[in-house]
Amino acid sequence: PRPPPCPPSCSCTRDTAFCVDSKAIPRNLPPEVISLTMVNAAFPEIREAAFAHIPSLQFLLLNSNKLALIGDGAFAGLSHLQYLCVVGTRAGGTGTGAAWGRAPASPPAPRFIENNDIQALAKGTFRGLKSLTHLSLANNNLQTLPRDLFKPLDILSDLDLRGNALACDCKIKWLVEWLETTNTTVPAVFCSSPGQRQGQRIRDLALADFECITTDFVVHQVLPFQAVSAEPFTYASDLYLALAQPGASSCTVLKWDYVERKLRDFDRIPAHSAVHCKPIVAHEQLYVVVAQLFGGSYIYRWDTTVDKFIKIQDIDSQKTRKPNDIEAFQIEGDWYFVIADSSKAGSTSLYRLSQNGFYSHQALHAWHRDTDVEYVENEGKPRLIISSSSQAPVIYQWNRAQKQFTPQGEVGDVLDVQMVKHFKVKRDHFLCLSRYIGDSKVVRWDGPRFVELQTLPSRGSMVMQPFAVGQRQYLALGSDFSFTHVYLWEEEKQKFAKFQELSVQAPRAFRYVPAADVQLLLAPSFKANTLVYRHVVVDLSL
């Protein structure tokens, strides 16, 4: 009989081929070949369907070659393949016999040389290998493995991954899960990195030790205008946002589009020098308090008969001369709002809602040039914390008998606080004190005392806003001279750690807005476009 066709670099029998120093995968092999061994091949990559021209292959040994990459679907068409060995004899390495405990009987035992150096496998490398029972990737340079790499291998009985520099990070978490559930025999594989896991058996790693869930803030929408405040509110089951735009002489109201997942124009309230537009939904009525630097401040109500905002009330311009901030809240069923006034002659004022509108209820903290006011309920007691340019923040506590706020004390000796904001973690209460000149501070509220926990560099800061998304507590610290820094609270250390930088020019507020399944962070800018960020959760193990 005529001898079977065989490439010059190979030696062949009727059903086997042994190739050395091949420049490419041989094409003219006997069609009945069921065993192919390639040693010291000179090509660096195996591409898709590279062996499809020999579909009867059952044993494929690619040992001690210069391979660096095996591509997607590299072994497509080999539905009969049972043994696949892609091994290099690195220092301390083994050949196929050691990889599986014994050499398979059918293929010839190859002679191994060094320099197999596979660094990457595609996710679909082993797609279509429904008959594969033995797989060896030993003694290569694999540092990670694509998720669910072995999922197509339904009857895999033996797998060897020894001799690779596997990094036991989030990208390998799936392998730990797979090893817990598979019936495949896998000799011990050890971690090469990171340092705290180096030398540990991968099978011994606990899934709980992998911290693979992280988050990010990405730009979701750009609002093409400047703004100095942003206040979300819900009215008639719809989500809205009120923004003060002094440059556009208006309070702009936007409505959330649940289909397009974007904010869209809804209405505008004329306001020539608006610094704050505070919506209040009380007794099924929608009010908007419009605070202006010049021309007085007003209260508007949404009129459902004409579908527009109607001005219903002026705010006493003798008390409120230079408003800065507005807070609205409910105490014992009654609605109130308080306006912080930063003029020398005015005073921070409390207003109460009655049947005919909001009326002046109490004058607070006169002549102190107040910059911000924060409403807090601590231990069931309503409190106001007022920051000012002339003294440390002052605390007022609600007197239920008098139905007024009475002075209770000061927050430490921190002067010139631009803004004071409150947050709670478990049972502990904290205050964030932002300062334009000097460092901002985070303090813990322990009864009558305030314990300083952290100092944050904040030159040029006008806003320091804590907010929680799910179980994560964040802090956004803006600046007129640098990037906005987002911090993440570390409970064990009782402090914030730097998390992310946001490019927001001269931010004046940050507002967290949950919009159905989308979590938003609004960043009004005094000098540039207002940005809407989306909070995304990222699983690093995927």
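The model shown is predicted, which means the values in this text are computed figures rather than measured ones.

1. A short note on the sheet that holds strand β30 (residues 440-446)
If you walk across this open sheet you meet the four strands as β28-β29-β30-β31, and the pairing is antiparallel. Of all the strands in the sheet, just β28 (419-425) and β31 (449-456) have a single pairing partner and so form its edges. Strand-to-strand twist in this sheet, taken as the mean axis angle between neighbours without regard to direction, amounts to 25°. Where β30 lies against β31, seven bridges are found, and the strand directions are antiparallel. What sits directly across from valine 443, in β31, is glutamate 452.

2. Some remarks on the UniProt feature "domain: LRRCT" (unreviewed entry) in the protein chain
The UniProt feature table records "domain: LRRCT" (unreviewed entry) at residues 164-213. Helix makes up 18% of residues 164-213 and strand makes up 2%, while its end C-alpha atoms are separated by 26 Å.

3. So, unusual backbone geometry
In this structure, the amide linkage connecting serine 193 to the following residue, proline 194, adopts the cis form with an omega of -5°. Inspection of the secondary structure puts proline 194 in the loop between α2 (173-181) and β11 (213-223). Look at alanine 236: it is not a glycine, yet its phi comes out positive at around 55°. Mapping alanine 236 onto the fold places it in the loop between β12 (229-235) and β13 (238-245). Looking at alanine 236, the relative accessible area reads 58%, which means it is exposed. Its identity is not glycine, yet arginine 369 carries a phi of approximately 55°, on the positive side. If you trace the backbone, arginine 369 turns up in the loop between β23 (357-366) and β24 (370-378). Of the residues examined, arginine 369 reaches a relative accessible area of 38% and is grouped as partly exposed.

4. Topic: α2
Those residues of α2 that sit buried are Lys173, Trp174, Leu175, Val176, Trp178 and Leu179. Summarising the contacts, the buried residues of α2 are in contact with β10 (158-160).

5. A look at the pattern of salt bridges
For the structure on display, the rule yields 19 salt bridges. In this structure, the salt-bridge partner of arginine 127 is aspartate 72, at a minimum N-O distance of 3.7 Å. Within this pair, whereas arginine 127 is found in the loop between β8 (120-121) and β9 (134-136), its partner aspartate 72 is found in the loop between β6 (69-70) and β7 (83-87), the two being separated by 55 residues in sequence. For arginine 127, a relative accessible area of 40% gives the class partly exposed. According to the relative accessible area criterion, aspartate 72 is partly exposed, its value standing at 38%. The residue arginine 449 makes a salt bridge to aspartate 446 at a minimum N-O spacing of 3.9 Å. When salt bridges that share partners are traced, they join Glu231, Lys278 and Arg511 into one network.

Conventions adopted
- Residues numbered from 1 in each chain as written.
- Predicted model: local features only at pLDDT ≥ 70, side-chain atom pairs only at ≥ 80, totals over all residues.
- Heavy atoms only, no water.
- Pairing = 2+ DSSP bridges.
- Helix = DSSP H or I, 4+ residues; strand = E, 2+ residues; numbered from the N terminus.
- Axes fitted to C-alpha atoms, helices over the stretch in contact; angles between N-to-C directions.
- UniProt positions renumbered as here; feature names shortened; annotations may be inferred.
- Buried < 20%, exposed > 50% of the residue type's maximum accessible area, 1.4 Å probe, protein only.
- Contact = heavy atoms within 4.5 Å.
- Salt bridge = Lys/Arg side-chain N within 4 Å of Asp/Glu carboxyl O.

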